[in-house]
Amino acid sequence: QKTGNHRLEITAEDEAGNIARIESDFAVSAGIGSIIANIGHYYDLKMIKLLSTRNALLVAAKSLKLQLEALDKLERSNLPLATKNSLMKLSQRSINRQIDALVALVNNLPAKSIDARAKEFLADSLRYIKIK
């Protein structure tokens, strides 16, 4: 499933015609760790078809992970509040630009290198982790 809120409905009918229905709401989320894991998983499933594509996506995602970790350290730092806030805004904008570039890269990959569903799931997950 794509990221976001979803509802699962199950309906069953027995031989006597009795019908039962149950619903359950659930959410699908993403983080940089799950995106990195999914790149490897999609390659194993042959949804990412070329090793070079997998490697390029992993390098970009791991670079993004380092930026997110640096932002987390900055947030926990003891810098003066005004300085910290300015640096955090700059870092957040940089991270979001990197996410946008990675989404564009994924969307522009040719069909010979990645399955359309893998492309859709990766782009959706990347947009999900953008900093609001």
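Here's what I pulled together on the structure shown here.

Here is what the cut-offs are and how they apply
Residues numbered from 1 in each chain as written. Predicted model: local features only at pLDDT ≥ 70, side-chain atom pairs only at ≥ 80, totals over all residues. Heavy atoms only, no water. Helix = DSSP H or I, 4+ residues; strand = E, 2+ residues; numbered from the N terminus. Rg over C-alpha atoms; globule rule 2.2 N^0.38 Å. Contact = heavy atoms within 4.5 Å. Areas by Shrake-Rupley, 256 points an atom, 1.4 Å probe, with all protein chains shown as cover. Lys, Arg positive; Asp, Glu negative; His and termini not counted. Charge placed at Lys NZ, Arg CZ, Asp CG, Glu CD. Salt bridge = Lys/Arg side-chain N within 4 Å of Asp/Glu carboxyl O. Buried < 20%, exposed > 50% of the residue type's maximum accessible area, 1.4 Å probe, protein only. Phe/Tyr/Trp six-rings, centres within 6.5 Å; stacked < 30°, edge-to-face > 60°. Lys NZ or Arg CZ within 6 Å of the ring centre and 35° of its normal.

## A word on the overall build of the protein chain
Then, in step 1: Assigned secondary structure in the protein chain consists of 4 helices and 2 strands.
Then, in step 2: Traced from its N-terminal end to its C-terminal end, the protein chain shows the element sequence β-β-α-α-α-α.
Then, in step 3: Radius of gyration (C-alpha) of the protein chain: 20 Å, far over the 14 Å computed for a compact globule of 132 residues.
Then, in step 4: Along the longest, intermediate and shortest principal axes, the C-alpha atoms of the protein chain span 70 × 40 × 20 Å.
Then, in step 5: Partitioning the intrachain contacts of the protein chain with sequence separation of at least 6 by distance along the chain shows that 58% fall at a separation of at least 24.
Then, in step 6: In the form shown here, the protein chain has an accessible surface area of approximately 8600 Å², with 54% of it arising from carbon and sulfur atoms.
Then, in step 7: Computing the positive centroid from 20 side-chain charges and the negative centroid from 14, the protein chain places the two 15 Å apart.

## Digging into the pattern of salt bridges
Then, in step 1: If you walk through the whole model with that rule in mind, you get 7 salt bridges.
Then, in step 2: The residue Glu23 makes a salt bridge to Arg7 at a minimum N-O spacing of 3.3 Å. Taken together, the residues Glu23 in strand S2 (residues 19-28) and Arg7 in strand S1 (residues 4-13) connect sequence positions 16 residues apart.
Then, in step 3: A salt bridge links Lys65 to Glu69, with the shortest nitrogen-to-oxygen separation between them at 3.9 Å. Separated by 4 residues within a single helix, Lys65 and Glu69 lie in helix H2 (residues 51-75), roughly one turn from each other.

## Describing the side chain of Ser113
Then, in step 1: Of note, Ser113 is situated in the loop between helix H3 (81-107) and helix H4 (116-128).
Then, in step 2: What makes Ser113 buried here is its relative accessible area of 2%.
Then, in step 3: Once residues lying within four places of it in the same chain are set aside, the contact partners of Ser113 are Met47, Ile48, Lys49, Leu50 and Thr53.

## Here we look at the packing of aromatic side chains
Then, in step 1: Enumeration over the complete set of coordinates arrives at 0 aromatic pairs.
Then, in step 2: Geometry around Tyr43 places Arg54 over its ring, the cationic atom sitting 5.2 Å from the centre.

## Let's talk about the side chain of Asp124
Then, in step 1: For Asp124, the location among the structural elements is in helix H4.
Then, in step 2: Look at Asp124: it is buried, it has no salt bridge, and the nearest opposite charge is Arg127 at 4.7 Å.
Then, in step 3: Those residues in contact with Asp124 that sit more than four places away from it in its chain are Lys2 and Thr3.

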